[in-house]
Amino acid sequence: MRKFKYISSILTLGVCLSCSTNIAFAQELKVNEKVDKTFISQQLAEFERLDKQIKENRSKMVLPDKASDNGTKIPTLASTGSYPTRKGVILVTKDGKFGSLVGHAGIVYNSSTTVESFPDGGVATYSNTWNTRYNTVYGATTSGTDSTQDASAADYAYGYRGTAYNWNFLDIETTARFYCSQLVYKAYKTKTGLNLNQGGGIVSPIDLIQSSNTYTIYTQGI
């Protein structure tokens, strides 16, 4: 009987501990879901605010691209409606969602190729067809860099082809894995010293457009 009571007590304690653990885990999940929803709402609100600014003052929000090495201005939507294909241009869309990230980001490698990171394949090259692939597109370039420096950022991203996707969105400095906007952020920070995530924390696609170190040269669907 004593043995039975001892075993029963252990089982009861185990059940209680298990219940407590399950309750704590459930509470943590609710907190995380709330944080994710808040972060998603913030990103959507920032995209909405950006779109409003562009619509109200397109001539100031969408500027010509920087000069190429020979001094010739590269066509953009602001002047001719051409889709940006210069190496190093940053591409962002608000279409879709990956976890708590709204939209997607990539970097132009050449006129026919982009470098991007997706959950199902990590860092890889894709067709430079954002103007047909997505409904909304923002093209951006960095202030204070020339086309050679921009190209070096694209080369940096290209060099990490085959690297796995990074689901830890807060770990923005790792080079062991990359999520889409982190890849662009890390490429420019490493090769040019520019910080495209001035606020710190998770670097989201909208951060790349709103950074004071970038300016918009192309929009589609806005």
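Quick caveat, the model's predicted, so the values are computed rather than measured.

### Some details on the pairing of strand β1 (residues 90-98)
Bridge count between β1 and strand β2 (residues 101-110): 6 bridges; the pairing is antiparallel. Of the residues in β2, the one forming a bridge with F98 is L101. Hairpin remark: β1 followed by β2, antiparallel, with 2 residues in the connecting loop; positive phi at G99, about 60 degrees. Bridge analysis of β1 against strand β5 (residues 137-142) gives 3 bridges, and the strand direction is antiparallel. Residue pairing across strands places V92 opposite Y138, the latter belonging to β5.

### Observations regarding the packing of helix α4 (residues 147-158) against helix α5 (residues 180-192)
Interaxial distance between α4 and α5 falls to 8 Å at its minimum, and their mutual angle equals 125 degrees. By the angle between their axes, α4 is oblique relative to α5. For the pair α4 and α5, the sense of crossing is right-handed. Listed contacts from α5 to Q149, D150, S152, A153, Y156 and A157 of α4 are L183, K186, A187, Y188, T190, K191 and T192. Looking at the contact of α4 with α5 residue by residue, the classes come out as 6 nonpolar, 4 polar and 3 charged.

### Examining the confidence of the model for the chain
Averaged over every residue, the pLDDT of the chain is 84; residues scoring 70 or more account for 77%. Segment residues 1-18 is flagged for pLDDT under 50; beyond a separation of four residues in sequence, or across chains, it makes 0 contacts in the model.

### What to know about the environment of T174
Mapped onto the secondary structure, T174 falls in the loop between β6 (164-165) and β7 (177-178). According to the relative accessible area criterion, T174 is buried, its value standing at 12%. Sequence separation between T174 and K186 is 12 residues, and the spatial gap between their C-alpha atoms is 8.8 Å. Excluding its chain neighbours within four sequence positions, the residues that come into contact with T174 are N166 and Q182. Within polar-contact distance, the side chain of T174 engages the backbone nitrogen of A176 at 3.1 Å.

So, how was this worked out
Residues numbered from 1 in each chain as written. Predicted model: local features only at pLDDT ≥ 70, side-chain atom pairs only at ≥ 80, totals over all residues. Heavy atoms only, no water. Pairing = 2+ DSSP bridges. Helix = DSSP H or I, 4+ residues; strand = E, 2+ residues; numbered from the N terminus. Axes fitted to C-alpha atoms, helices over the stretch in contact; angles between N-to-C directions. Parallel < 35°, antiparallel > 145°, perpendicular 65-115°, else oblique. Left-handed = near helix turned anticlockwise from the far one by under 90°. Contact = heavy atoms within 4.5 Å. Nonpolar A, V, L, I, M, F, W, Y, C, P; charged D, E, K, R; others polar. pLDDT = per-residue confidence, 0-100. Buried < 20%, exposed > 50% of the residue type's maximum accessible area, 1.4 Å probe, protein only. Polar contact = N/O pair within 3.5 Å; in protein donor to acceptor, adjacent residues only side chain to side chain.

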